[in-house]
Amino acid sequence: MTSSEPIGYVLGTKEATPLEFWIAVDAKKVLRLDDVVEVQTQRPDGGGIVRFYGVVDYVRTQYEGAQFDTDTFLVAKEGILPINISYTAHVQVTRIEPEEYLPPQPGDPVHLAVGKQLASALYFDSMDTPIPSGIMNNGNAAYFNYSFINGEKGAHVNISGVSGVATKTSYALFLLYSIFNSPVLGSYKANTKALIFNVKGEDLFFLDKLNQSYGNLENQKDKNKYELMNLPVQPFKSASFRATPKRDSLTIDSDLEQRSEGISVYLWSIRELCRDRLFRFLFTGEDLDRGNLSYLVTTVEERLARLAEENDQSDRQSRRKPQAYLQVEAFGEEGKTQIKTFRDLIDFLEDKLLNDEDREENRRWLGRNVPATAEAMIRRLYGISSEVNHLIRGDLSPDEVAKYQLDPIASDAQLTVTDIHKLSARAQKFVVGVLLQKLFFQKEKQGREPVVFIVLDELNKYAPRDGRSPIKDLLVDIAERGRSLGIILIGAQQTASEVERRVVGQAAIRVVGRLDSAEAERPEYNFLTGSCRKRALFLKSGTMFVHQPEVPAPILVNFPFPAYATRKEEVFFSQAEITSIEADIDRF
């Protein structure tokens, strides 16, 4: 179905090609950027009708008959110069049916595409697994093909935009919400998981609460948007929240201020760090770029892994659960035999690497590295000690270690929010690297199903274009092999040009909010037309360009105000909850 009256006609004074053409717009009609149109043209040989669909990417008006700039005053102010107003629009063709690449004919009527014709123009009708991606300017819902997200045909999503305006995290949450509440997951709905790294404040710790904007029945406009996309208005129904433990505390309490109920702490044991070869993530890319440090780190990591496996075997022989600490031969001035803290681990390595080099056992730890490299490694461990010693513990019981284990796949919750915003940059990289590696190894054993989504902001920090690091190598591996393993990366950053190309280039879905002018000209945004690049400089918050493999043109969408609370102030309380809270206050 198209609009009943033509919006204009194919312009005869500019060439029309199978890929683009101009429209002479009717003076009493409105045709805007992003509008979708349809043209039916008769084959010159009478062999049938060819339908052209396209998106308007340029519109203009001008005086026809005016020769000089000052003629504008003669027309607009004095009305003494006879002219006509030319209203024309440029169309980028998105689809031709049947697929015959002949041009439309000048004078062919052009209609606005609506209903089924709109779906045909943007390939929504051929998507086997459509999920809502937002609302277009014409008021219709836009869709992604989920097959290009979940790894079946393509995988990964990359979101770019200026911080604070582009709403990257908000769009990533909306996309997850759209996936989890659409029927495309089928029987996998309950098992499909998501792991979100919270890097800013504590805003994501209320996603399981309804937004008061909807609870108070004030937001009918956005409710209509949800209804249009066939999505419910509700919070995330299945969410768990994990936080780091407080530093320098005898008890293990979450280091959060705005929420206390429903929060679990996460950490790792000393033995787990060694056994699972997580030691490398204690070192940032800058550390490993210098000298032979990366070789020594690999050597020490391997020795620690063997030591942990020997400890596990000893525990099994003693018929007890694997402990959190490492049992080792005496080290240090105090002659300790157990590594129970991160500082103990440093002391142990210092003893092995820098003391008594003539001992055969110590030479194995050092390998062919020189003592100066070992000193550099110990210095870096001392540097990060205060940042991670509350995350790596050897003084806990096996039951406590199991309690604080963070495993998004095994979790009963569909969505796991993991807080890292209070950690230093190095500690954040350690947490992200460790969680991704454990997830990657787990999926290698388990297989593609269920699909796990990873939402990671500030991707340029973890996978920068230059340099190397264990976490960057891991993210490249996920970008290249995650599709077959069911690990889907939803990465976001201010500037895609600063992220490793192999990570950004693997994303089948590209989303762009407001961009910096210099950034918009980078080749990473070649999927945007020239017009879209200019418009990306002043996009409003909540408006994004989305691009997917099936649709040859970027689509401008906006998404509704979230139904879930994204900050504490937004949480909706029912009257019964308010009454209960007031009663508690009175009792206090």
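Below or above, wherever it landed, is the structure these notes cover.

Rules and cut-offs
- Residues numbered from 1 in each chain as written.
- Predicted model: local features only at pLDDT ≥ 70, side-chain atom pairs only at ≥ 80, totals over all residues.
- Heavy atoms only, no water.
- Pairing = 2+ DSSP bridges.
- Helix = DSSP H or I, 4+ residues; strand = E, 2+ residues; numbered from the N terminus.
- Axes fitted to C-alpha atoms, helices over the stretch in contact; angles between N-to-C directions.
- Contact = heavy atoms within 4.5 Å.
- Buried < 20%, exposed > 50% of the residue type's maximum accessible area, 1.4 Å probe, protein only.
- Expected span 1.5 Å × (residues − 1).
- Phe/Tyr/Trp six-rings, centres within 6.5 Å; stacked < 30°, edge-to-face > 60°.
- Core = buried A, V, L, I, M, F, W, Y, C linked by side-chain atoms within 4.5 Å.

Concerning the sheet that holds strand β7 (residues 130-136)
Move 1: The twelve strands lie next to each other as β8-β7-β22-β21-β20-β9-β19-β18-β10-β17-β11-β12, forming an open sheet whose pairing is mixed. At either end of the open sheet lies a strand with only one pairing partner, and these are β8 (141-145) and β12 (263-265). Averaged over neighbouring strand pairs, the angle between their axes works out to 25° when direction is ignored.
Move 2: The sheet contact formed by strand β20 (residues 509-512) and strand β21 (residues 543-548) spans three bridges and is antiparallel. Bridge pairing links V512 to F545 in β21.
Move 3: Running at roughly 135° to β7, helix α3 (residues 168-180) makes contact with β7, β8, β9 (157-160), β10 (193-198), β17 (415-419), β18 (452-456), β19 (487-493), β20 and β21 of the sheet.
Move 4: Docked against the sheet, helix α15 (residues 470-485) engages β18 and β19, running at close to 140° with respect to β19.

With respect to the sheet that holds strand β4 (residues 49-64)
Move 1: Pairing within the closed barrel is antiparallel, and its six strands lie in the order β1-β2-β5-β4-β3-β6. Taking each pair of neighbouring strands and ignoring which way they run, the sheet shows an average axis angle of 40°.

Some details on the pairing of β21
Move 1: Most of β21 sits inside the fold, with six of its six residues counted as buried.
Move 2: A two-sided burial pattern is seen for β21, the buried positions comprising T543, F545 and H547 on one face and M544, V546 and Q548 on the other.
Move 3: Hairpin geometry of β21 and strand β22 (residues 551-558) is characterised by an intervening segment of two residues between the two adjacent antiparallel strands.

What about helix α8 (residues 293-317)?
Move 1: The end-to-end C-alpha distance of α8 is 36 Å, a good match for the 36 Å that 25 residues give at a rise of 1.5 Å each.
Move 2: Two residues or fewer after α8 comes R319, characterised by a positive phi angle close to 55°.

Some points on the packing of aromatic side chains
Move 1: Inspection of every chain in the model, using the stated rule, returns 16 aromatic pairs.
Move 2: Seen from their ring centres, F331 and F348 are 5.5 Å apart, and the 80° between their planes marks the pair as edge-to-face. Placement of the pair is F331 in strand β14 (residues 326-331) and F348 in helix α9 (residues 342-354), with a sequence separation of 17 residues. There is no split in this pair, since F331 and F348 are both buried.
Move 3: Seen in terms of ring centroids, F348 and W365 are 5.4 Å apart; in terms of plane orientation they differ by 85°. Their pairing is edge-to-face. On the criterion of sequence distance, the pair formed by F348 in helix α9 and W365 in helix α10 (residues 360-366) is long-range, its members being 17 residues apart. In this structure, F348 and W365 share a single accessibility class: buried.

Points about the nonpolar core
Move 1: Counting residues in each nonpolar core, the largest one holds 84 residues, and the members touching the most others are F279, L282, L349, L353, M377, L381 and L475.
Move 2: With nine residues, the single largest contributor to this core is helix α13 (residues 425-446).
Move 3: Excluding residues within four positions of it along the chain, L475 makes contact with L436, L456, L459, Y462, A463, L489 and V503.
Move 4: Counting residues in hydrophobic clusters, the runner-up holds 70 residues, among them I131, V157, F180 and A492.

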